[in-house]
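Letter by letter, the chains look like this.
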Amino acid sequence: MNKAKLSIKHAIEMMTRNHGELIDLYKEVNQPINIITDDQAEIIHALAHDTRCAGSGGSGWDQVDHGESKSTSHVQSRECKDCSVRVKVMFFLGECPECGSHNLKKNPRDGRWGINAKTHFEHREELKEYRLLLIEPVEDIPSCREFRIRYWALDKNSEHLNSYALGQRDSSNKSDHINFQPLKKDFYLSRPALRFDGVLKIGNGKSEMNFTFFDVNNETAITMPPEFANLKSEEVIAEKKFNKERGIVVRS
Ligand SMILES: [Zn+2]
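Here's what I pulled together on the structure shown here. (Residues numbered from 1 in each chain as written. Predicted model: local features only at pLDDT ≥ 70, side-chain atom pairs only at ≥ 80, totals over all residues.)

### Description of the overall build of the chain
- From N to C terminus, the chain includes seven helices and nine strands.
- Since a compact globule built from 252 residues should have a radius of gyration of about 18 Å, the 20 Å found for the chain is in line with a globular shape.
- With the C-alpha coordinates of the chain rotated into their principal frame, the extents come out at 70 × 50 × 40 Å.
- Taken across its 252 residues, the chain has 29% of its residues classed as buried.
- Across the chain, every contact between residues at least 6 apart in sequence was considered, and the portion connecting residues at least 24 apart equals 65%. (Helix = DSSP H or I, 4+ residues; strand = E, 2+ residues; numbered from the N terminus. Rg over C-alpha atoms; globule rule 2.2 N^0.38 Å. Buried ≥ 20, exposed ≤ 12 C-beta atoms within 10 Å, placed from the backbone. Contact = placed C-beta atoms within 7 Å.)

Laid out in structure tokens, this is it:
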């Protein structure tokens, strides 16, 4: 096993070793739990590229090699359909702790990575790549203790990402924030490259991470799933309606 693979396996297993017990504690008080935290995602990406974390200073990148980490989780809370006020029930509970109902909405699986469109263009020269981590339950059931963890790299010169970021930056709605959703249109059109894929199993006082794919140097974009095969970048961008106010020129 290569060095990066071994060190990431070891790190993830160490980070999640006590998750069995922790999940029980979090369940008791209905607190959502991060299987992998954002700073741990940065560690994983640093280990993947044999580099270091660059600290949380305002101007720097997450890794010393100018990689920028983004992490999101689809281990999410569901809303209770029977509570009159909005109650979110954490993933590992099967019933609402407030009213006892089992009538819960399904796992939304809408966790996303935030990319700042303005920063993207201001510092694109120095940026190496975006490093995207996604943690998903293998099954959307409260007893699930297996989680798929994937890392993709997103090229800073991705044409679709650049069009999206440009539209967002130049829009009139003030926000430079791109909500980049895993496994959806914009994701596939941006042509990310898979770096690793594996399953984490959480047991009592131990956990086990096994990879099904591992190549931290992979630059080949993932294949477009059939349902997205006919998508065109220009059309997807045009649908976004960025509320552009520019281009209206009044001549007197
Ligand atoms: Zn309820």
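### Description of the pairing of strand β5 (residues 129-137)
- Most of β5 sits inside the fold, with eight of its nine residues counted as buried.
- As paired elements, strand β1 (residues 67-73) and β5 share seven bridges and run parallel to each other. Residue pairing across strands places G67 opposite E129, the latter belonging to β5. (Pairing = 2+ DSSP bridges.)

### Details of the environment of A193
- Structurally, the position occupied by A193 is in strand β8 (residues 193-202).
- Once the C-alpha coordinates of A193 and D215 are considered, the two residues, 22 residues apart in sequence, prove to be 9.9 Å apart.

### A look at the packing of helix α1 (residues 3-16) against helix α3 (residues 38-48)
- Packing of α1 against α3 leaves a shortest axis separation of 9 Å and a crossing angle of 165°. The angle between the axes of α1 and α3 places the two elements in the roughly antiparallel class. The crossing of α1 and α3 is right-handed. Together, A4, S7, I8, A11, I12 and M15 of α1 and Q40, I43, I44, L47 and A48 of α3 make up the contact between the two elements.
- For the contact of α1 with α3, a count of residues per class yields nine nonpolar, two polar and no charged. (Axes fitted to C-alpha atoms, helices over the stretch in contact; angles between N-to-C directions. Parallel < 35°, antiparallel > 145°, perpendicular 65-115°, else oblique. Left-handed = near helix turned anticlockwise from the far one by under 90°. Nonpolar A, V, L, I, M, F, W, Y, C, P; charged D, E, K, R; others polar.)

### Remarks on the sheet that holds β8
- Taken in spatial order, the five strands of this open sheet run β1-β5-β6-β8-β9, and their pairing is mixed. With one partner strand each, in any of the chains shown, β1 and β9 (207-214) form the two edges of the open sheet. The mean angle between the axes of side-by-side strands here comes to 20°, regardless of whether they run parallel or antiparallel.
- Taken together, the seven bridges between β8 and β9 define a ladder with antiparallel strand orientation. Note on β9: the bridge partner recorded for F196 is F214.
- Here α3 sits on the sheet in contact with β1, β5, β6 (146-155) and β8, set at roughly 130° to β1.

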